[in-house]
Amino acid sequence: MKILADVMEQVIKRNPNETEFHQAVSEVLESLEPVAEKHPEWVKAGIFSRIVEPERQVVFRVTWVDDNGNVQVNRGFRVQFNSAIGPYKGGLRLHPSVNIGIIKFLGFEQILKNSLTGLPIGGGKGGSDFDPKGKSDGEIMRFCQNFMFELSRHIGENTDVPAGDIGVGGREIGYLFGMYKKIRNEFTGVLTGKGLDWGGSLARTEATGYGLCYFMEEALNAKGKSFKGATVSVSGSGNVAIYATQKVHQLGGKVVAMSDSNGYIYDPEGIKLDTIQRLKEIERQRISKYVDFHPNATYTEGCSNIWNVKCDIALPSATQNELDGEAAKTLIANGCYAVGEGANMPSTPEAVELFIENKVVFGPAKAANAGGVATSALEMSQNSMRYSWSFEEVDAKLKNIMANIYKNASEAAKEYGQEDNLVAGANIAGFLKVASAMYSQGIL
Ligand code: NDP
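Residues numbered from 1 in each chain as written. Predicted model: local features only at pLDDT ≥ 70, side-chain atom pairs only at ≥ 80, totals over all residues. Heavy atoms only, no water.

**Brief notes about helix 12 (residues 325-333)**
Those residues of helix 12 that sit buried are Gly325, Ala327, Ala328 and Leu331. Relative to the axis of helix 12, the buried residues are bounded by an arc of 160° and lie together on one face. Structural note: helix 12 exposes Glu326 and Ala333 on the side pointing more than 90 degrees away from its buried face. Against the buried residues of helix 12 lie strand 10 (313-316) and helix 13 (349-357). Where helix 12 terminates, the next one or two residues include Gly335, which has phi positive at roughly 90°. (Buried < 20%, exposed > 50% of the residue type's maximum accessible area, 1.4 Å probe, protein only. Helix = DSSP H or I, 4+ residues; strand = E, 2+ residues; numbered from the N terminus. Arc of directions from axis to C-beta. Contact = heavy atoms within 4.5 Å.)

Here it is, written out as structure tokens:
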């Protein structure tokens, strides 16, 4: 009988129908069995049962008026999951698929990810089922202002510091920050991902994608491989995907495929990132438009088909469960030797198992995409100091953080008898620090 089976049973009972949350917790508890065996005092102190229960969950109504004068109602969420090692920290997601289970899976993962960065940040996540697609700037602004009207009661620079995620970029952070400042009458680093003129950190925009490549380069080097000369597929074409692609090109690899939620493009000569940036960051267009400018490229309807493209390295950077067992089999059959998760939990449990079984170099999200939140924590430091570092300084710190995450995850995997399994290594290394802090702080 597994020591942590009761904990999982309780999670399922207490959080019915929250499948993504169950999936995230189940993977972590599986990895933590050897830790539970080694630390009976943590089992006795209820650390495992406590870490899966958020410290606080706020669910609220967001009411706003659309351009036609109609009243719209959305649901807002903020889950403050764990503050053992620092203020709650994690992004806000605006997407119609958002529900409490998705926010809880993301918040739970965030605890361990933030711990892995080595920086003093706890775990949280939030968002809304608001769909930003097709909305005017005015509608986005009114939504963000009303969302912040409630959220402002629960956050603060030393309490909870939200950031961007799917559907929340620089524009939305601006509207959210403006409203917070107006309500509180204070200029503090309460959000990260801010504009460079008003407290943002250089290299934050690039950080998740760059960090993903720095992490994967470490993992690849350990196996005598690298991005240099490799053919790469990157799913998504948002913040993470764009800057991962930029860094792959800088490291000498070639990205040949990218996607959005409608379909994917394949450009055998290598994706021209300036076209993608114009279409996605400025014009907010669909990726299918790419082929109008590059006739040698092709567009295929259906985003999950991107994994049929032959590649050496795959960087899933769109959303959860976008890469299933079938896709994993196809990638492996086509000779793919490394997968780095830019998105949160993009691979299904079946896909992860196949990658590990087949000795694919696999960088799990909570380690591989931690560069974004790490740089957000660097933004918090700069805000507290009322000072800013150069792009090169932040980038160097990011690179160092990602190398340390790789080192800690691979050493933890080895120490607990699972050499090369970075899923187990990241879960264990992230957990040890949080568990030790929770234990020291008493039964709360
Ligand atoms: P963006 O909103 O900038 O981009 C998201 C991309 O993924 C878009 O191309 C979008 O396509 C696609 N996408 C979104 N939902 C789906 C879906 N259901 N099916 C298929 N494609 C989809 O988000 P980010 O780049 O910021 O985030 C991407 C992933 O990375 C998320 O999992 C996020 O949690 C994770 N992440 C982000 C960090 C950050 O710093 N931004 C940090 C760590 C993790 P479309 O435009 O058609 O919707």
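**Considerations on the sheet that holds strand 4 (residues 122-128)**
Pairing in this open sheet of 5 strands is mixed, and the strands run 1-2-4-3-5 from one edge to the other. The open sheet has two free edges, formed respectively by strand 1 (56-65) and strand 5 (160-163), since each of these has just one partner strand. This sheet shows a mean twist of 20° between the axes of neighbouring strands, independent of strand direction. Pairing of strand 1 with strand 2 (residues 71-82), which is carried by 10 bridges, proceeds in the antiparallel orientation. Each bridged residue has a counterpart across the sheet, and for Phe60 the counterpart in strand 2 is Gly76. (Pairing = 2+ DSSP bridges. Axes fitted to C-alpha atoms, helices over the stretch in contact; angles between N-to-C directions.)

**Here we look at the pattern of salt bridges**
Pairs can form between side chains of opposite charge whenever their charged atoms are close. Scanning the entire structure with this criterion turns up 22 salt bridges. Measuring nitrogen to oxygen at the nearest pair gives 2.8 Å for the salt bridge that ties Glu18 to Lys104. Taken as a pair, Glu18 in the loop between helix 1 (5-14) and helix 2 (19-38) and Lys104 in helix 5 (residues 100-116) lie far apart in primary sequence, 86 residues in all. The exposure class of Glu18 is buried, given its relative accessible area of 11%. A salt bridge links Lys125 to Asp165, with the nearest nitrogen and oxygen atoms 3.0 Å apart. Taken together, the residues Lys125 in strand 4 and Asp165 in the loop between strand 5 and helix 7 (170-184) connect sequence positions 40 residues apart. Residue Lys125 is classed as buried on the basis of its relative accessible area, which comes to 2%. Each of Glu27, Glu109 and Lys366 takes part in salt bridges that share partners, so that together they form one network. (Salt bridge = Lys/Arg side-chain N within 4 Å of Asp/Glu carboxyl O.)

**Concerning the domain arrangement of the protein**
For the protein, the assigned domains read domain 1 (54-187) and domain 2 (207-368). Each of domain 1 and domain 2 has a C-alpha centre, and these two points are 27 Å apart. With 13 residues of domain 1 in contact, the opposing surface of domain 2 contributes 11 residues. Buried area between domain 1 and domain 2, summed over both chains or domains, comes out near 1000 Å², and the portion from carbon and sulfur atoms is 50%. Among the residues of domain 1 in contact with domain 2, Phe105, Glu109 and Lys113 are the three that bury the most area, contributing 44% of the side total. Where domain 1 packs against domain 2, one counts 1 salt bridge. Lys366 is paired through a salt bridge with Glu109; the nearest N and O atoms lie 3.3 Å apart. (Domains from an automatic or database assignment. Buried area = accessible area lost by both parts, 1.4 Å probe.)

**Topic: the pairing of strand 10**
Residues in a regular strand project their side chains so that they alternate between the two faces of the sheet. Going residue by residue along strand 10, you find Ile313 and Leu315 tucked away on one face and Ala314 and Pro316 tucked away on the opposite face as well. Of the pairings in the sheet, the one linking strand 6 (residues 231-235) to strand 10 comprises 4 bridges and is parallel in character. Residue pairing in the sheet places Val234 in a bridge with Leu315 of strand 10. Pairing analysis gives 2 bridges linking strand 10 to strand 11 (residues 338-340), with the strands arranged parallel. Residue pairing in the sheet places Ala314 in a bridge with Val339 of strand 11. Between strand 10 and its parallel partner strand 11, the chain crosses via helix 12, and the hand of that crossover is right-handed. (Right-handed = clockwise from strand over helix to strand, strands pointing away.)

**A word on the site of the ligand**
Surveying the vicinity of the ligand reveals 25 residues, the closest of which are Asp165, Thr208, Ser261, Arg286 and Asn344. Arg204 places a polar side-chain atom, nitrogen or oxygen, 3.1 Å from an oxygen atom of the ligand. At a separation of 2.9 Å, an oxygen atom of the ligand approaches a polar backbone atom of Asn239. When the ligand sits alone it has 900 Å² of accessible area, and the protein chains cover 84% of it. Those elements giving two or more residues to the shell around the ligand turn out to be helix 8 (204-221) and helix 9 (239-250). Here the shell around the ligand is built from residues that sort into 5 nonpolar, 14 polar and 6 charged. (Near = heavy atom within 4 Å. Polar contact = N/O pair within 3.5 Å; in protein donor to acceptor, adjacent residues only side chain to side chain. Areas by Shrake-Rupley, 256 points an atom, 1.4 Å probe, with all protein chains shown as cover. Nonpolar A, V, L, I, M, F, W, Y, C, P; charged D, E, K, R; others polar.)

**A short note on the sheet that holds strand 8 (residues 263-266)**
The strand order 9-8-7-6-10-11-12 describes an open sheet built from 7 strands, whose pairing is mixed. Edge positions in the sheet fall to strand 9 (298-301) and strand 12 (361-363), since each has one partner strand and no second. On average, each strand axis in the sheet is inclined to that of its neighbour by 15°, with strand direction left out of account. Sheet topology note: the strand 8/strand 9 ladder contains 4 bridges and is antiparallel.

**Regarding the packing of aromatic side chains**
What the rule picks out here adds up to 15 aromatic pairs. Both rings, one in Phe177 and one in Phe187, keep their centres 5.1 Å apart while their planes meet at 75°; by these two values the pair is edge-to-face. Of this pair, Phe177 sits in helix 7 while Phe187 sits in the loop between helix 7 and helix 8, and the two are 10 residues apart along the sequence. Take Phe187: its relative accessible area is 46%, and that puts it in the partly exposed class. What links up through ring pairs into an aromatic cluster is the set Phe60, Trp64, Phe130, Phe143 and Phe147. For Lys135, the ring lying beneath its charged end belongs to Phe130, and the centroid distance is 5.3 Å. Sitting over the face of the ring of Phe293, Arg278 holds its NZ or CZ atom 4.7 Å from the ring centroid. (Phe/Tyr/Trp six-rings, centres within 6.5 Å; stacked < 30°, edge-to-face > 60°. Lys NZ or Arg CZ within 6 Å of the ring centre and 35° of its normal.)

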